[in-house]
Amino acid sequence: KGLTNDAISEFKQAIECDESLAQARVNLGGLYFQTGDLEGCIEANQKAIELDPSLPMAHNNLGFAYLQKGDYAKAVEASKCALELMPGLIQAYNTLAVAYLRMDQPAASIEASLKILSLNESFAPAHYNLAVAYRMTDDPKAARKHYEQAVALHYPVDSDARAEWDELE
């Protein structure tokens, strides 16, 4: 219903009543993320992991929050934990792909993105990440192919980025 602040309040109350509610902390962390509170998201998911380290979404959410903060090494670590618990978690592979791009590790990004496409060939962000990674490895043909696939799948490319890709033709 879009009542984020009410939901945050309800999860906080539930946790006050029972501090062992790990899944409630994961949900609370997700709500914090939606409101832009990355520190709250990280704290809630870390506490959930302390309570139950087998929660893949807690690790996944932690990885994504670290990615948004620019802490790419921690994003990779958390995403790998999520994937150990849930090997088909596309979001965790995507976090890995982006973090590896930002860490200037295009080969690792390509590996993560190709894994995504083996699970869902229509996942537009994976095609875009592949386009960027192949461009970094001086493979313009592969870069162009995945860029066009991302655009065909309605990946949002702003006009500046589109112009930059068009110059590469």
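Please refer to the structure higher up on the page.
Residues numbered from 1 in each chain as written. Predicted model: local features only at pLDDT ≥ 70, side-chain atom pairs only at ≥ 80, totals over all residues. Heavy atoms only, no water.

Asks: Before we go on, may I ask you to explain the packing of aromatic side chains in this structure?
Replies: The geometry of an aromatic ring pair comes down to the distance between the two centres and the angle between the two planes. Inspection of the entire model under this criterion finds two aromatic pairs. Taking the centre distance of 5.1 Å and the plane angle of 55 degrees together, the rings of Phe 33 and Phe 64 count as tilted. Of this pair, Phe 33 sits in helix H2 (residues 22-34) while Phe 64 sits in helix H4 (residues 56-69), and the two are 31 residues apart along the sequence. When its relative accessible area of 32% is taken as the criterion, Phe 64 is described as partly exposed. An angle of 15 degrees between the planes, with centres 4.7 Å apart, marks the rings of Tyr 128 and Tyr 155 as stacked. Of this pair, Tyr 128 sits in helix H8 (residues 124-136) while Tyr 155 sits in the loop between helix H9 (140-152) and helix H10 (159-167), and the two are 27 residues apart along the sequence. (Phe/Tyr/Trp six-rings, centres within 6.5 Å; stacked < 30°, edge-to-face > 60°. Helix = DSSP H or I, 4+ residues; strand = E, 2+ residues; numbered from the N terminus. Buried < 20%, exposed > 50% of the residue type's maximum accessible area, 1.4 Å probe, protein only.)

Asks: What exactly am I supposed to notice about the layout of surface pockets here?
Replies: The gaps left among the atoms become clear once a water-sized probe is rolled over them. Reported here for the largest pocket is a volume of approximately 210 Å³. Where the lining of the largest pocket is concerned, the elements lending two or more residues are H2, H4 and helix H6 (90-102). A total of four residues in the lining of the largest pocket trace back to one element, the largest contributor, which is H4. A per-class count over the lining of the largest pocket returns four nonpolar, seven polar and no charged. Estimated volume of the second largest pocket: approximately 170 Å³. Broken down by secondary-structure element, the contributors of at least two residues to the lining of the second largest pocket are helix H1 (4-17), H2 and helix H3 (38-51). The element contributing the most residues to the lining of the second largest pocket is H3, with four residues. Among the residues forming the lining of the second largest pocket, the class breakdown is four nonpolar, one polar and five charged. (1 Å grid on protein atoms, 1.4 Å probe; cavity = no way out; pocket = protein on both sides within 12 Å on 5 of 7 lines; lining within 4 Å. Points joined across faces, edges and corners; volume = space filled by probe spheres on them. Nonpolar A, V, L, I, M, F, W, Y, C, P; charged D, E, K, R; others polar.)

Asks: Explain the packing of H4 against helix H5 (residues 72-85) to me, please; I cannot follow it from the model alone.
Replies: Packed helix pairs are specified by the crossing angle of their axes together with the interaxial distance, meaning the distance between the axes. Where H4 contacts H5, the axes come no closer than 7 Å and their chain directions differ by 160 degrees. If you check the angle between H4 and H5, you find them roughly antiparallel. In terms of crossing hand, the pair formed by H4 and H5 is left-handed. Between H4 and H5, the residues in contact are Pro 56, His 59, Asn 60, Leu 62, Gly 63, Tyr 66 and Leu 67 and Tyr 72, Lys 74, Ala 75, Ala 78, Ser 79, Cys 81, Ala 82 and Leu 85, respectively. Looking at the contact of H4 with H5, its residues break down into ten nonpolar, four polar and one charged. (Axes fitted to C-alpha atoms, helices over the stretch in contact; angles between N-to-C directions. Parallel < 35°, antiparallel > 145°, perpendicular 65-115°, else oblique. Left-handed = near helix turned anticlockwise from the far one by under 90°. Contact = heavy atoms within 4.5 Å.)

Asks: Honestly, the packing of H9 against H10 in this entry has me stumped. Any pointers?
Replies: Following both chains from N to C, one finds H9 and H10 inclined at 145 degrees, their axes separated by 11 Å at the closest point. Between H9 and H10 lies a crossing of left-handed hand. Within the contact between the two elements, H9 uses Ala 143, Arg 144, Tyr 147 and Val 151 and H10 uses Arg 162, Trp 165 and Asp 166. Classifying every residue of the contact of H9 with H10 gives four nonpolar, no polar and three charged.

Asks: Just to check I follow, could you spell out the environment of Arg 135 for this structure?
Replies: With respect to the helices and strands, Arg 135 occurs in helix H8. Arg 135 gets classed as partly exposed once you look at its relative accessible area, which sits at 28%. Linking Arg 135 and Tyr 147, residues twelve residues apart in sequence, is a C-alpha distance of 9.9 Å.

Worth remembering: the numbers are spatial, not functional.
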